[in-house]
Amino acid sequence: MIKVLVVDDSAFMRIALVKMLELDPKIKVVATAEDGAAALEMALIHHPQVITMDVEMPNMDGIKAVRTIMAQAPCPIIMLSRLTDKGAKVTLEALNEGAVDFIAKNSSMVNMDMASIEAEVLDKVRYWAANGMLVDKKASLKPQRAPEAVRSTKQLREVEIPNNIDLIVIGVSTGGPTAVLNLLGQLEPLDIPIVIAQHMPKEFTPSYAQSLNAKTKHKVVEGREGMAVKKGEVIVLPGGTDGQLFGSFLADVSLSLRTSSTANIHPNADVLFRSALQVAKNPVGLILTGMGSDGTEGAKLFAEKKLPIVVQEPSGCVVDGMVLAALESGAVTHIMPLNRMAKRLTQWCR
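Residues numbered from 1 in each chain as written. Predicted model: local features only at pLDDT ≥ 70, side-chain atom pairs only at ≥ 80, totals over all residues. Heavy atoms only, no water.

(A) Looking closely at the sheet that holds strand β4 (residues 77-82). The five strands are arranged β2-β1-β3-β4-β5 in an open sheet whose pairing can be described as parallel. Edge positions in the sheet fall to β2 (27-33) and β5 (101-105), since each of these pairs with one other strand and no more. On average, each strand axis in the sheet is inclined to that of its neighbour by 20°, with strand direction left out of account. By the bridge criterion, six bridges tie strand β1 (residues 2-7) to β2 in an arrangement that is parallel. Bridge pairing links L5 to A31 in β2. Here helix α2 (residues 36-46) sits on the sheet and contacts β1, β2 and β3 (50-54); the angle it forms with β2, its principal contact strand, is near 140°. (Pairing = 2+ DSSP bridges. Helix = DSSP H or I, 4+ residues; strand = E, 2+ residues; numbered from the N terminus. Axes fitted to C-alpha atoms, helices over the stretch in contact; angles between N-to-C directions. Contact = heavy atoms within 4.5 Å.)

Next comes the structure, spelled out in structure tokens:
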């Protein structure tokens, strides 16, 4: 039985979430709470396996509640965020404080798509309960696997690193906001563009880009249709659509935004990686933490051209699905923790 604590200041949402979750006979909502203070009390009493938590609450908001629970009764926390600028900013901060995932909900109860929320809530609660988490002494969550257990049986692909790297493209999903912040925070500004495909709703990516710009040494902007791709700039692709690069670094490169008919996750890393090979001579592809397999098909195209694909060390990922899929494909050249990845990229690009 999966024990869940539901935290939301709306009585309607608490009742709705309980009904959604208990459609699965293997899920039991052991308690509900209307604010962060009550959530901490219930977490200490009931020791839930997963917590769903509203972002905006009275008395103790989602950020402080996550910080406090992770310090005293740590477990996977899934944030429920309204599709507003404020909701996006608070959600990103909560993820940095230790929340593992989020679900976006419409800010209007009238327009809320309860069916889509139901499916996502059930899927994510099952996932985080099934992938039981180990808690270290600092109250951070780690996948319950030994590092050697997640190594691919396939050999890493050997490649000669070009001495004139001209583009870095990054595919990332669940756990990405914290991982990308850590990577860029340790990576010195480079004289080449970096383009990020982070799976995220369109309402969230403006705040995400602003947060990275404020917290790192890099100039980070959200991509827009037709914008020039400039050296030394980090572009976060807008959520809900796919970004493709057009042109040539022998001339000008610009960004085009369109939704791929074959991709079901946006922004799509495979679409970005494929377009990178059309505009750059020596791009590097990075695949970081995330659920699913996005980026693997793009990595295979990099392998065909004998170009490097670097993945995050699986044991450091919040979710290692994207990394393991790439490893199983045989397209990966390097596995690195984020701190070593930042140092190596700096060396390669200089």
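(B) How the structure looks around the packing of helix α1 (residues 11-21) against helix α5 (residues 114-130). Two elements in contact, α1 and α5, have axes separated by 10 Å at closest approach and are oriented at 60°. By the angle class used here, α1 and α5 are oblique. When the axes of α1 and α5 are compared, the crossing they make is right-handed. Between α1 and α5, the contacting residues are F12, M13, A16, L17, M20 and L21 on the first element and M114, I117, E118, V121, L122 and V125 on the second. Of the residues in the contact of α1 with α5, the class split is 11 nonpolar, no polar and one charged. (Parallel < 35°, antiparallel > 145°, perpendicular 65-115°, else oblique. Left-handed = near helix turned anticlockwise from the far one by under 90°. Nonpolar A, V, L, I, M, F, W, Y, C, P; charged D, E, K, R; others polar.)

(C) Main features of the packing of aromatic side chains. The tally for this structure, following the rule as stated, stands at three aromatic pairs. Pairing Y127 with W128 gives two aromatic rings, centres 5.0 Å apart and planes at 90°, and the pair type is edge-to-face. The aromatic ring of F102 is capped on one face by K124, whose charged end is 5.8 Å from the ring centroid. (Phe/Tyr/Trp six-rings, centres within 6.5 Å; stacked < 30°, edge-to-face > 60°. Lys NZ or Arg CZ within 6 Å of the ring centre and 35° of its normal.)

(D) Molecular detail of the pattern of salt bridges. On inspection of all chains with the given rule, the structure shows 11 salt bridges. A salt bridge links K300 to E297, with the nearest nitrogen and oxygen atoms 3.2 Å apart. With K300 and E297 both in helix α9 (residues 296-304) and three residues apart, this pair spans about one turn of that helix. We classify K300 as partly exposed; its relative accessible area is 35%. Judged by relative accessible area, E297 falls into the partly exposed class, the value being 42%. Residues joined in a network through salt bridges with shared partners are D24, D123 and R126. (Salt bridge = Lys/Arg side-chain N within 4 Å of Asp/Glu carboxyl O. Buried < 20%, exposed > 50% of the residue type's maximum accessible area, 1.4 Å probe, protein only.)

(E) Just the sheet that holds strand β8 (residues 167-172), in detail. Pairing in this open sheet of seven strands is parallel, and the strands run β10-β11-β9-β8-β14-β15-β16 from one edge to the other. Either end of the sheet is taken by a strand with one partner, and the two such strands are β10 (219-222) and β16 (334-336). Averaged over neighbouring strand pairs, the angle between their axes works out to 20° when direction is ignored. Where strand β9 (residues 194-198) lies against strand β11 (residues 233-236), three bridges are found, and the strand directions are parallel. Directly across from V195, in β11, lies its bridge partner I235. Each of β8, β9, β14 (283-287) and β15 (309-312) is contacted by helix α8 (residues 269-279), which is oriented at about 170° to β8, the strand it contacts most.

(F) Spotlight on the nonpolar core. Within the largest apolar cluster, 62 residues are counted, with the highest numbers of intra-cluster contacts made by M53 and L286. The residues contacting L286, other than those within four sequence positions of it, are I168, V169, I170, G171, L183, F273, V310, M341 and L345. By size, the runner-up hydrophobic cluster in this structure holds 32 residues, among which are V169, I235, F273 and A326. (Core = buried A, V, L, I, M, F, W, Y, C linked by side-chain atoms within 4.5 Å.)

(G) Quick look at the layout of surface pockets. Of the volumes computed, that of the second largest pocket is approximately 530 Å³. Secondary structure elements with two or more residues in the lining of the second largest pocket: β5, α5 and α6 (176-186). (1 Å grid on protein atoms, 1.4 Å probe; cavity = no way out; pocket = protein on both sides within 12 Å on 5 of 7 lines; lining within 4 Å. Points joined across faces, edges and corners; volume = space filled by probe spheres on them.)

(H) Structural context of helix α10 (residues 321-329). All of the buried residues in α10 are M322, V323, A326 and L327. Relative to the axis of α10, the buried residues are bounded by an arc of 135° and lie together on one face. Of the surrounding secondary structure, the elements contacted by the buried residues of α10 are β8, β14, α9, β15 and β16. One or two positions beyond α10, positive phi appears at G330, with a value near 80°. (Arc of directions from axis to C-beta.)

(I) The pairing of β8, seen in detail. The buried fraction of β8 amounts to six of the six residues, a majority that puts the element mostly inside the structure. Across the two faces of β8 the burial is the same, with L167, V169 and G171 and I168, I170 and V172 all buried. In the sheet, β8 pairs with β14 via five bridges, with the strands oriented parallel. Bridged to I168 within β14 is V284. Across five bridges, β8 lies against β9 in parallel orientation. When the sheet's bridge partners are listed, I170 is paired in β9 with I196.

(J) Structural context of empty space enclosed by the protein. Scanning the entire structure with this criterion turns up one cavity of 30 Å³ or more. In this structure, the largest cavity spans a volume of roughly 50 Å³. Taken together, L92, N96, P177, L181, Y208, S211 and L212 form the lining of the largest cavity. Of all elements in the fold, only α4 (85-97), α6 and α7 (205-215) reach the threshold of two or more residues within the lining of the largest cavity. With three residues, α7 is the single largest residue contributor to the lining of the largest cavity. Classifying every residue of the lining of the largest cavity by side-chain character gives five nonpolar, two polar and no charged.

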